[in-house]
Amino acid sequence: MSRPALPLKRDVRRSFGARAADYDAHAVLQREIGARLMERLDLVRLQPQRILDLGSGTGFATRAAMERYPDAQVIAVDIAPAMLAAARTRAAAPTLLNRFFARRSKLAYLCADAEALPLAAESFDLVLSNLTLQWCDAERVIAEAQRVIAPEGLVMFTTFGPDTLKELRAAFRAADAASHVNDFVDMHDLGDMLVSAGFSDPVMDQELVTLTYADLRGLFADLKGIGAHNVLPGRPRGLTGKSRWQRMVAAYEALRRDNRLPATYEVVYGHAWKPAGRTRKTVDGVQAVSLGEFRRMLRKAP
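Residues numbered from 1 in each chain as written. Predicted model: local features only at pLDDT ≥ 70, side-chain atom pairs only at ≥ 80, totals over all residues. Heavy atoms only, no water.

A. Region of interest: the pairing of strand β2 (residues 73-78). β2 sits mainly inside the fold: five of its six residues count as buried. Relative to β2, strand β1 (residues 50-54) runs parallel, the two being bridged by five bridges. By the bridge assignment, D53 is partnered in β2 with A76. Since β1 and β2 lie parallel, the crossover through helix α4 (residues 60-68) that links them has a hand, and here it is right-handed. Of the strand pairs in this sheet, β2 and strand β3 (residues 107-111) are connected by five bridges, and their pairing is parallel. Each residue of the ladder has a partner; that of A76, found in β3, is Y109. (Buried < 20%, exposed > 50% of the residue type's maximum accessible area, 1.4 Å probe, protein only. Helix = DSSP H or I, 4+ residues; strand = E, 2+ residues; numbered from the N terminus. Pairing = 2+ DSSP bridges. Right-handed = clockwise from strand over helix to strand, strands pointing away.)

Here it is as structure tokens:
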């Protein structure tokens, strides 16, 4: 399993923080994926009392979780203080739904790194994360989620897979060998990470979503508008030069269909449960489970 290059945390914080005020105007795809993530909760039996929204951004999933589980306490976590400030502003908007939650507010905000959460172990029944893993060391985030989730709790997330922005990646490759597009972890590797972290019954699937644009300016405006432009440490500074830029544009224009330019996103969905019992490995490498956990596994067997 190859590890993707990761941006520096300070660059991620700065990039998303700078776009917090107008993020929602560009985040059409992010909201749609978040809505599909919430719909998947219809498929599980869970009534969480404490929910963690990991990488909460401007609070779309936070508010959706509060609406779905009005009696639960919800903690919104993001690495960018400006994003949390925007989420607070939206939650305080004078809508009927917000007034309802204000009367029974169990919402809190926390500025923290998803890879090192300052939260107690086994303190949440549900951890949600919409399009955050691709900006982090996914293995560390999954390990932290496993730590803070209580037994029989659930982690459910979305992220982007390797085919995301494949057209843009190929067009830049035609211009030079520099890294212009962020790397993304394969769905199967994420499933392996869930199992390695101690989760059970992981379910992974994906879909391809293609947005179309009249020109490249629209695509780059959306990427910049949500803070998702290239922030890799080895990224080129400034434009690549006129001739290289023209080669990139020509390569992308060759993909135009029906007078529109495609931008593909591989959307990965995953969820897994934390087992009711703890497991351990003996000195000879054999995994042992408690009798209660063994009985639970038998009940779930077909």
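B. Looking closely at unusual backbone geometry. Phi is positive for E152, close to 70 degrees, though the residue is something other than glycine. Take E152: it is sitting in strand β5 (residues 149-160).

C. Molecular detail of the nonpolar core. Judged by nonpolar contacts, the single largest core of 39 residues is most densely connected at L52, L54, V127, V155, L190 and F199. Examining the composition of this core, we find that five residues originate from one element, helix α7 (residues 138-148), more than from any other. Excluding residues that lie within four positions of it along the chain, L52 makes contacts with I75, V77, L117, L119, F124, L126, V127, L128 and V148. Counting residues in hydrophobic clusters, the runner-up holds 23 residues, among them I33, L131, A175 and L261. (Core = buried A, V, L, I, M, F, W, Y, C linked by side-chain atoms within 4.5 Å. Contact = heavy atoms within 4.5 Å.)

D. Layout of the packing of aromatic side chains. For the coordinates displayed, the defined rule picks out five aromatic pairs. Measuring from ring centre to ring centre gives 5.1 Å for F16 and W135, while their planes differ by 85 degrees; the resulting arrangement is edge-to-face. Note that F16 is positioned in helix α1 (residues 9-18) and W135 in the loop between β4 (124-130) and α7, a separation of 119 residues in sequence. Neither F16 nor W135 differs from the other in exposure class; each is buried. On the basis of an interplanar angle of 85 degrees and a centroid distance of 6.2 Å, the ring pair of F160 and F184 is categorised as edge-to-face. Linking F160 in strand β5 with F184 in the loop between α8 (166-173) and α9 (187-197), this pair joins segments that are 24 residues apart in sequence. Like F160, the residue F184 is buried in the burial classification. Among the aromatic residues, those joined into a cluster by ring pairs are F160, F184 and Y265. Directly above the aromatic system of Y269 lies the positively charged group of R40, at a separation of 3.7 Å from the ring centroid. Its guanidinium or amino end placed over the ring of F124, R50 lies 4.8 Å from that ring's centre, counting from NZ or CZ. (Phe/Tyr/Trp six-rings, centres within 6.5 Å; stacked < 30°, edge-to-face > 60°. Lys NZ or Arg CZ within 6 Å of the ring centre and 35° of its normal.)

E. Looking closely at the confidence of the model for the protein chain. Here the protein chain shows a mean pLDDT of 85. Residues at 70 or above account for 81%. Between the elements of the protein chain, mean pLDDT differs from a low of 42, seen in strand β8 (residues 279-281), to a high of 98, seen in β4. Here residues 231-235 is modelled with pLDDT under 50, and outside its nearest four sequence neighbours on either side it reaches 19 contacts, counting other chains as well. Taken as a whole, residues 279-302 scores under 50 in pLDDT and shows 21 contacts with residues more than four places along the chain or in a different chain. (pLDDT = per-residue confidence, 0-100.)

F. Representation of empty space enclosed by the protein in the model. One pass over the full model with this rule turns up two cavities of 30 Å³ or more. If you add up the space inside the largest cavity, you get close to 60 Å³. What lines the largest cavity is simply L54, V127, S129, L133, V141, I142, A145, V155, M156 and F157. Elements represented by at least two residues in the lining of the largest cavity include exactly β4, α7 and β5. Of the residues in the lining of the largest cavity, the class split is nine nonpolar, one polar and no charged. (1 Å grid on protein atoms, 1.4 Å probe; cavity = no way out; pocket = protein on both sides within 12 Å on 5 of 7 lines; lining within 4 Å. Points joined across faces, edges and corners; volume = space filled by probe spheres on them. Nonpolar A, V, L, I, M, F, W, Y, C, P; charged D, E, K, R; others polar.)

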